[in-house]
Amino acid sequence: MSSKAVVSRGPAPRRAATALVAISLFLLAPFAGADFVNGDFETGAFGASWTKTALQNNKIPTVSTHAINPLSIRDLNLGASPADATLYPGVAPSDTTDLSVIVSGATGGVEDPLMAGYGAALRYPFGGGYSAVVNLDPIGRAVSRTSGQPISGQTYTFKGKRGSSIRQRMTVTAADVDPADGKVHVRFLFAPVLDNPGLLKPLTGAVTTSSGSKNVTGAGTHFTTEVNVGDDIFFGTSTSKSVVATIVDDTHLTTSSNVSSNNAGVTAFAGPTGGHFAEEQPFFAVEVRKITSLADATPIPVAGAPASSPGQLFFTFNFSNQAGVSWGNVTNTFDGNLYTYANFQSIDFSPGASKLAVGDTVELEIVAAGCSKGGHEGHVYVDGVSFHPPASLWVSAAGPASVSSASGTTITYTYTYTNNGASDANNVVVDAAMPQDNTPTPQDTTYVSVSGATCTPSGGAAGLPPTPGGAISCAQGTLTPGQSGSFTLTIVIPDSPTGPINNGTYAISGTGLPPISGPLVQTVLLAPALLSDMAASAAGLSGTAPLGVAYSGSFACTNTGASSADFATCDATSLPTGLAVTGCTVSPASAAWTGPASVASPEAVTCNVAGTPSAAGTFNTRVTTGATNDSDATNNEVVKPIVVTAAVTVTPITDSGSTTTAGGTAIANVAANDTINGAPAVLGGGGNATVATSGAWPAGLTLDTATGAVLVAPGTAVNVYSVDYQLCDLSGPPVCAVVTITVTVSAPATTDMAASAAGLPGTATTGVAYAGTFSCANVGAVTATAA
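Residues numbered from 1 in each chain as written. Predicted model: local features only at pLDDT ≥ 70, side-chain atom pairs only at ≥ 80, totals over all residues. Heavy atoms only, no water.

**Considerations on the overall build of the protein chain**
Filter applied, for reference: Under the scheme used here, helices are H or I runs from DSSP no shorter than 4 residues and strands are E runs no shorter than 2 residues, and both carry numbers assigned from the N terminus. Only protein chains enter the area calculation, which uses a 1.4 Å probe; residues under 20% of their type maximum are buried, those over 50% are exposed, and those in between are partly exposed. Note on areas: Shrake-Rupley, 1.4 Å probe, and residue coverage restricted to the protein chains presented here.
Broken down by element type, the protein chain carries one helix and 57 strands. Counting only residues that meet the buried cut, the protein chain has 48% of its 787 residues in that class. In the structure as shown, the protein chain presents an accessible area of about 31,300 Å², 55% of it carried by carbon and sulfur atoms.

Have a look at this one:
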């Protein structure tokens, strides 16, 4: 998920919110190196690095009858003053008072002012002493929401239709690359609070109205579960409402006045009195986009990005009451308003090296807005904005971008957890609810199995796996600093599902540490014929690379699915220093290929790696692939360790006069008075015999005396290595010839102490003298010290 970030085009399933308590101050410790400036807001002010913008919610344009599908910040139809049509094409607000502030307090110790005293679990700041809150200002100012009375001792200025944005630009440096996977991540924590006016939802099935009457009938509409007496009901695009008077049965209701339409089969919408359509709701949104520079926001086109935001790398959007989302809910008794909220959750986005790499400039924007009618507010808390994870527990999930929509289809998710803190995390638990589909009343997926962890299922009969809607709790024990692990969960999608499948209700916690929810993973449902399957291979990369010697190899990404892979990627990260990808081709035509781009089935992308290693060590090179219609995430990554060995130093064999030439080839005949690397040579048999030295020769190195020898630093691990070297006969007029000097490596000699009790009799008689021996022998090849 590896961690694979999936661009959110719809809801994030959030069930009951969890309490945020007792957060240690170490959670948001600063990370060394380049990063977002003041991303933890611990300066107590936004400062010059954050740009704040006052916005107006002008209602999100619909693509059909009250159906919305915003793909970017621009699609939200926000307006700003001064006008910025690139991001905010809508009508600008008349009041440009900024509504974003920094809030402070003891870590996890302050209640949200609009829910204070009413049982909400949300507390801020998340870590340290400060968090940002977008679109709620000022907290503590002596101006009340409506009539001059404070809400539970807190006051703020209400602004109708108002929204706010905070954004920052950063240029990625080498210090921002995550050493764990060689990728650039954008990470932060957020907690939304959205005033809840109630959602007017489309009724399922065909709805028919009777002309000039108060009767409404339908097929498969289930009025008894979807509509309540007193609800408002609208038909088609009409803005005239009727009120539900009675519900006769599942498919028959009456209204208090004549209905506004008599067309057979019109779409009907119903919800609580005063409810809003989806496009009118309070919302929050996040976008990351690639731009030209810190000074110029011109987008750099990214393959697969929407036309409304061509540089987009990531986008997520959620509105109050969005289908498939279960929030915590609190009713404020001061004015009777219902607030929907979620505790701090993580965003962890890494699009891969082909989209985001060192040297790229990105802009992160976070938006919150009240409803477009002006009567309901919405705000979001933000903390820990960074290229690096906070110094705390962290969890993420990875799943396929797409799977078959057919009944019985399984999805396998990989959950990866890490302790990024500086101390042990005890009693660590990863809890994961079953993912849901995207119907107005979400359907739950069903548990199949877990691999790689011991998990306790819930939601089913005793001792059985969870039924749809159940959960698993996976105990991981104690995690030491830097320790990580992973496990997989396989589920079955529901029958007749509506995509995408949303996996966003999972969290990690430990003793004295709060639950932190992981980022949403969405899986699109497609017909089987539209699916691809990109698989990564590192078979063409050699696992060894001598330092300073030219290296070449290749990795591949093959589409084994039924359809072309859309916006496919094929990347390698954490290559040895000095190596780089020199170009990719796609077979069988061997045409040049640059991702993200299409890969037909069953074609393969092959990328060449070349260069000269310039640093010794072991490099865990990761080859990753994927596509927007990729049906299997488990084969999207392989790790190939490449060991760069230390440089081999060629040292002359100083021959006192025994070198001869024969047929133009020089043969080194080492004599007793010769030296090798400055040490006296010890003749092992005369002539061209094997040579040993009195101590300077590295352990494990033997000579091929037919061709001479080459020396390496003691203790260096080397592979078979050869180099041309000039040897000369110095006994008379110099006679020189070029020969190949070869190093071969055998296992180094070791100590091997063996114990024996063979000399101890197995029986002894009371009062009778006993004698015996035991022994410890060194059966190794070198002297044992401190034995």
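Structure's up, so let's keep going.
**Remarks on the sheet that holds strand β8 (residues 162-171)**
Hydrogen bonding along the main chain pairs the strands of a sheet, whether they run parallel or antiparallel. Selection rule: Strands were regarded as paired on the criterion that DSSP finds at least two bridges between them.
Read across the open sheet, the seven strands follow the order β3-β2-β1-β8-β23-β18-β19; overall the sheet is antiparallel. At either margin of the open sheet sits one strand with a lone partner, and together these are β3 (88-89) and β19 (312-319). Bridge count for strand β18 (residues 283-291) against strand β23 (residues 361-369) is nine bridges, and the pairing is antiparallel. Looking at the pairing, K290 lines up with V362 of β23.

**With respect to the pattern of salt bridges**
Short version of the rule: Salt bridge criterion: a side-chain nitrogen from Lys or Arg within 4 Å of a carboxyl oxygen from Asp or Glu.
On inspection of all chains with the given rule, the structure shows 11 salt bridges. For R289, the salt bridge identified is with E287, shortest N-O distance 2.6 Å. Of the two residues, R289 and E287, both sit in the buried class. Close ionic contact of E637 with R622 constitutes a salt bridge, the shortest N to O distance being 2.5 Å. Of this pair, E637 sits in strand β46 (residues 637-645) while R622 is found in strand β45 (residues 617-626), placing the two residues 15 residues apart along the sequence. There is no split in this pair, since E637 and R622 are both buried. Connected through shared salt-bridge partners, R167, R169, E287, R289, E363 and E365 make up one network.

**Describing the sheet that holds strand β36 (residues 521-526)**
Condition: Each axis is a line fitted through C-alpha atoms, taken for helices only over the stretch in contact, and angles between the N-to-C directions span 0 to 180 degrees.
Spatially, the three strands line up as an open sheet ordered β26-β36-β33, and their pairing is mixed. Taken across any chain shown, the strands that pair with only one partner, and hence form the sheet edges, are β26 (402-404) and β33 (501-503). Averaged over all pairs of adjacent strands, the angle between their axes in this sheet comes to 25°, without regard to strand direction. The pairing of β26 with β36 spans three bridges and is classified as parallel. Residue pairing across strands places S404 opposite L526, the latter belonging to β36.

**Here we look at the pairing of strand β22 (residues 345-349)**
Burial runs high along β22: five of the five residues are buried. Of the pairings in the sheet, the one linking strand β9 (residues 186-196) to β22 comprises five bridges and is antiparallel in character. Paired with V186 across the strands is F349, a residue of β22.

**Some details on the state of the cysteines**
Our working rule: Two cysteine sulfur atoms form a disulfide, by the criterion used here, when they sit within 2.5 Å.
Inspection of the entire model under this criterion finds three disulfides. C455 shares a disulfide with C474; S-S distance 2.0 Å. Between C455 and C474 the disulfide shows an S-S torsion of about 105°. By sign, it is right-handed. Of this pair, C455 sits in strand β30 (residues 455-458) while C474 is found in strand β31 (residues 471-479), placing the two residues 19 residues apart along the sequence. Linked covalently through their sulfurs, C557 and C570 form a disulfide whose S-S length is 2.0 Å. An S-S torsion of about 80° defines the bridge between C557 and C570 as right-handed. In this pair, C557 is assigned in strand β39 (residues 551-559) and C570 in strand β40 (residues 565-573), connecting sequence segments 13 residues apart.

**A few points about the nonpolar core**
The following threshold applies: In plain words, nonpolar cores are sets of buried Ala, Val, Leu, Ile, Met, Phe, Trp, Tyr and Cys residues tied together by side-chain atoms within 4.5 Å. The criterion used for residue contact is that any of the two residues' heavy atoms lie within 4.5 Å.
Core analysis: the largest hydrophobic core is formed by 34 residues, its most contacted members being F41, F188 and V382. Only β7 (130-134), β8, β9, β18, β19, β22, β23 and β24 (378-386) provide two or more residues apiece to this core. Excluding residues that lie within four positions of it along the chain, V382 makes contacts with F41, S131, A132, V134, F188, L189, F190 and I366.

**Re the packing of aromatic side chains**
So the rule is basically this: Aromatic contacts are taken between Phe, Tyr and Trp rings whose centres are within 6.5 Å, Trp giving its six-membered ring; a plane angle under 30 degrees counts as stacked, one over 60 as edge-to-face, and the others as tilted.
As enumerated under the stated definition, the model contains 15 aromatic pairs in all. A centroid spacing of 5.4 Å and a plane angle of 85° characterise the contact between F269 and F277, whose relative ring orientation is edge-to-face. F277 sits in the buried class, given a relative accessible area of 6%. Members of the aromatic cluster, joined through ring pairs, are Y415, Y417, F487 and Y506.

**A few points about unusual backbone geometry**
A cis geometry characterises the amide bond from S587 onward to P588, with omega recorded as 5°. Mapped onto the fold, P588 is located in the loop between β41 (579-586) and β42 (591-592). For the peptide bond that leads from G595 to P596, omega is 0°, which places it in the cis range. Checked against the element boundaries, P596 lands in the loop between β42 and β43 (597-599).

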